[in-house]
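Understanding the architecture of this molecule
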Amino acid sequence: MRRLAHSAIAVALLFLMGCSFSRGTLGDEFNADQIATIKKGETSKADVLTVLGAPDRVLPMNGQELFQYYRYDAKAGSLLLILVNFARLNIKSDDLYIWFNREGIVQDVIFGKRTEKLKFQFWPFGE
Amino acid sequence: MRAQVSRTFSQAVIYAATAIIMASGTIGCSFARLTINDTIVAADVAFIAPGHTAFRDIVERLGAPDQIRETPDGAVVLYHFHDAKYSRVNFGYLLRPWTPIQPDLVLSTIGLGTEVFEVIFDENWIARQQAFTHHPSGKPHVPWPF
C-alpha cells in the first residue's frame, strides 16, 4: 500500500510543473484590543477616530451617523501540471460598524471577522 | 478617497481573476474558480421572521453585512457573495509535438454567479422583508460553450 502511494506521488511529481501561493490584502488587520476600548455610551467620535483612524465609509442612518471600517484578504493557490492547471482565488472581508447617537457618542458596535476562515486552495471543484 | 480605494480593489479583483485565467490559458486544460465570501442559501436565512427578528440576531448568525444603506423607513442590509467558475480546454495543444505550427482549438466557459442577500429593517431594526437577488448561479466546470 505504501509503495503504491509512493508511486502515485512520483507520477504526480513527474507531471508537476509548479505551484503557486499568492496573497493580497487591503487595509490593516483589526486589532481586537483596540476594538475592545470602544465602549457603548462612553466613547466619543473623536476617540474612535484617534484609535481607528478615519473610517472607510460614513453613512447617515436615520439622523444618526454610522462609521464603517473594512479589510479584505485574498488567498490564491495554483497547481500547474503539464497538461492541466487548477487555480482558485478566495476573498473574504472583515467589517466593523460603529453607530453614533446625535451627541456623537458610540451607541452600538458590530464586528464581523470572516477572514479567519479564509484558506489557500487550488482545487476548484466542490465547495 | 476611500470610495476610490474600494473601487480600485474591485477592479484589482477582476484583474487578478483575469490574470489567473489568462495565465492558465497557456496550458492545454485549465480549471479556475473565484469565490468572494461564503455562499448564503435559503436554509441559512430561514430563521429570519419578518416583524420579529432583530438586526443583532441576524449578525450573530450571518456575521456583519457588507453594506448598510439608509432608506426613508429604516435601513437595508446587504450581504454579497460571488462564485465564478472558469474552464478551458485547448484540443490543439495535443497536436503541438507533431506539427510545425502551434494549432489551437479552444473551448471555454465562464459562469459568474453573483448573489446579494438583502434584509430591509424598520426604524427599530426589526426585519421587515428579506430577499435574494435573482442572478444565475455559477455554472459547473464544463468547457462546452454550445
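Our subject is the structure that appears above.
Residues numbered from 1 in each chain as written. Chains lettered and ligands numbered in written order. Predicted model: local features only at pLDDT ≥ 70, side-chain atom pairs only at ≥ 80, totals over all residues.

Some points on the interface of chain B and chain A
Note on interface size: it is often stated as the accessible area lost on association of the parts. For clarity, the threshold we go by: Here, residue contact means that the backbone-derived C-beta atoms of the two residues sit within 7 Å. The numbering of helices and of strands both runs from the N terminus, where a helix is a DSSP run of H or I of at least 4 residues and a strand a run of E of at least 2. Classification used: nonpolar for Ala, Val, Leu, Ile, Met, Phe, Trp, Tyr, Cys and Pro, charged for Asp, Glu, Lys and Arg, polar for all others including Gly. Any two strands with at least two DSSP bridges between them are considered paired.
Counting from both sides, the interface comprises 28 residues of chain B and, opposite them, 29 residues of chain A. If one sorts the elements of the side of chain B that touches chain A by residue count, strand β1 (residues 29-36) of chain B sits on top with eight residues. A breakdown of the residues in the side of chain B that touches chain A according to their chemical character gives 15 nonpolar, seven polar and six charged. Judged from the eight bridges that link them, strand β4 (residues 84-100) of chain A and β1 of chain B form a sheet pairing that is parallel. Opposite Arg 88 of chain A, over in β1 of chain B, you have Arg 33 of chain B as the bridge partner.

Let's talk about the nonpolar core
Keep this limit in mind: Put simply, a nonpolar core is buried Ala, Val, Leu, Ile, Met, Phe, Trp, Tyr and Cys residues tied into one set by C-beta atoms within 7 Å. The exposure scheme places C-beta atoms from the backbone and then counts, for each residue, the other C-beta atoms within 10 Å of its own, assigning buried at 20 or more, exposed at 12 or fewer, and partly exposed in between.
Counting residues in hydrophobic clusters, the biggest one holds 33 residues, and the most contacted among them are Tyr 97 and Ile 98 of chain A together with Phe 121 of chain B. Elements that contribute at least two residues to this core include exactly β3 (64-81) and β4 of chain A together with β1, α2 (55-62), β3 (74-90) and β4 (106-121) of chain B. Examining the composition of this core, we find that eight residues originate from one element, β4 of chain A, more than from any other. Apart from the residues within four sequence positions on either side, Phe 121 of chain B is in contact with Phe 55, Gly 74, Ala 75, Val 77, Ile 126, Ala 127 and Arg 128 of chain B.

Brief notes about unusual backbone geometry
Phi is positive for Asn 37 of chain B, close to 60°, though the residue is something other than glycine. Note that Asn 37 of chain B resides in the loop between β1 and α2.

Here we look at the environment of Ile 110 of chain A
By the element assignment, Ile 110 of chain A lies in strand β5 (residues 106-113). Residue classification places Ile 110 of chain A among the partly exposed positions, given that 19 C-beta atoms sit within 10 Å. Expressed as a C-alpha distance, the spacing of Ile 110 of chain A and Val 84 of chain A, which sit 26 residues apart in the sequence, is 44 Å. Apart from the residues within four sequence positions on either side, Ile 110 of chain A is in contact with Tyr 97 of chain A together with Val 59 and Ala 64 of chain B.

Here's the deal with the pairing of β4 of chain A
Residue and element names in this part refer to chain A. For β4, a buried count of 15 out of 17 residues is recorded, marking the element as mostly surrounded by other parts of the structure. Across 16 bridges, the pairing between β3 and β4 is antiparallel. Note on β4: the bridge partner recorded for Tyr 72 is Ser 93. In this structure, the hairpin formed by β3 and β4 is closed by a connection of two residues.

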